[in-house]
Amino acid sequence: MTSDLNLNQLRTFVAASDNMSFIGAAEAVHRSQAAVSMQIMKLEETLGQALFARHTRRIELTAAGERLLPYARQMLALEAQALAALRTQEVVGRVVLGAPDDYVASLLPPVLERFTKLFANVEIELVCLQSTLLKPLLQKGQIDLALVTRADDLEGTLIRREELVWVGSQRHAVWKKSPLPVALFDKGCVAREHTLAALEKSARPYGARYSSPSLLGIVAMVDAGLAVAALAECSIPPHLARLGDAEGLPPLEPLEVVLIRGRSSDTPAVACLAGEIMAALRPLRAVA
């Protein structure tokens, strides 16, 4: 047992305790259920004790979990007080942030939640568009920051790499069909280009019969058993099946998520939001 406690893990632990469910905790902390389970496991490894008893449809606190819970609440409350006390500079202003809907749904909620606690006087406007459609808005100065997928004409600070993963419906083995029905994002999307390149290299017969500009549209088509699709790992809904070599699907090139500053976007508010995004979404090790 070590004495190092991670506040993010404690936050997830409290959320799981409040909801008595890892699914409920995932919704509360805006993370996937797998990420919540991993954080709880790491906290248990740190403490050398099980914090929850796992049952088929529910969880319950162990004796160790009951002892830890009030201390965890106190530590999180103290963190909130410290952040409020250290917010000595009253940053004000407005930031227009652009991102595609899969990053908006999966990556940005915890960042924006923390940012608004630190900088309550900064207004954020969110523009949700495909990465390539955000480029002209950046060039015109209509967007201050963009969290997008790197492309030939979209360069910025590398934030992270996201694996591109094949997904399908758990109720329909559509990947067994030939030609393979594939749902794609609209033209210009890097995920679409990587998907088609992988299929062409594999020489597997396929039909690009369905397309959508949004994650919601792609997920709906996949869930209905109309097609398979390739999604950024961060945005895969838990009810979809992850597919790969066992289903005869080719490997996919990962996506690179970058942060781009717009022209004349040099205000303190923009700088603070950019800093929060990099701090929250970059891996702990240096990004090559």
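The structure this text deals with has already been given above.
To start, this report covers the structure provided alongside it. All figures in this text were calculated on a predicted structure; none of them were measured in a lab.

## Considerations on the packing of helix H6 (residues 108-118) against helix H10 (residues 268-281)
- Remark: H6 packs on H10, axes separated minimally by 10 Å, with the N-to-C direction vectors making an angle of 135°. Comparing the axis directions of H6 and H10 gives the class oblique. Handedness of the crossing formed by H6 with H10: right-handed. Here H6 contributes Val-111, Leu-112, Arg-114, Phe-115 and Leu-118 to the contact with H10, which in turn contributes Ala-269, Cys-272, Leu-273, Glu-276, Ile-277, Ala-280 and Leu-281.
- Grouping the constituent residues of the contact of H6 with H10 by class yields 10 nonpolar, no polar and two charged.

## Things to note about the pattern of salt bridges
- Per the counting criterion, the structure on display carries 13 salt bridges.
- Between Asp-223 and Arg-171 there is a salt bridge, with the nearest N and O atoms lying 3.4 Å from each other. Placement of Asp-223 in helix H9 (residues 215-223) and of Arg-171 in the loop between strand E7 (164-169) and strand E8 (180-185) is noted, with a sequence separation of 52 residues between them.
- The closest approach of N and O atoms between Glu-233 and Arg-242, which form a salt bridge, is 3.1 Å.
- With relative accessibility at 47%, the residue Arg-242 sits in the partly exposed group.
- Sharing partners across several salt bridges, the network here consists of Arg-94, Glu-123 and Glu-125.

Rules used throughout
Residues numbered from 1 in each chain as written. Predicted model: local features only at pLDDT ≥ 70, side-chain atom pairs only at ≥ 80, totals over all residues. Heavy atoms only, no water. Axes fitted to C-alpha atoms, helices over the stretch in contact; angles between N-to-C directions. Helix = DSSP H or I, 4+ residues; strand = E, 2+ residues; numbered from the N terminus. Parallel < 35°, antiparallel > 145°, perpendicular 65-115°, else oblique. Left-handed = near helix turned anticlockwise from the far one by under 90°. Contact = heavy atoms within 4.5 Å. Nonpolar A, V, L, I, M, F, W, Y, C, P; charged D, E, K, R; others polar. Salt bridge = Lys/Arg side-chain N within 4 Å of Asp/Glu carboxyl O. Buried < 20%, exposed > 50% of the residue type's maximum accessible area, 1.4 Å probe, protein only.

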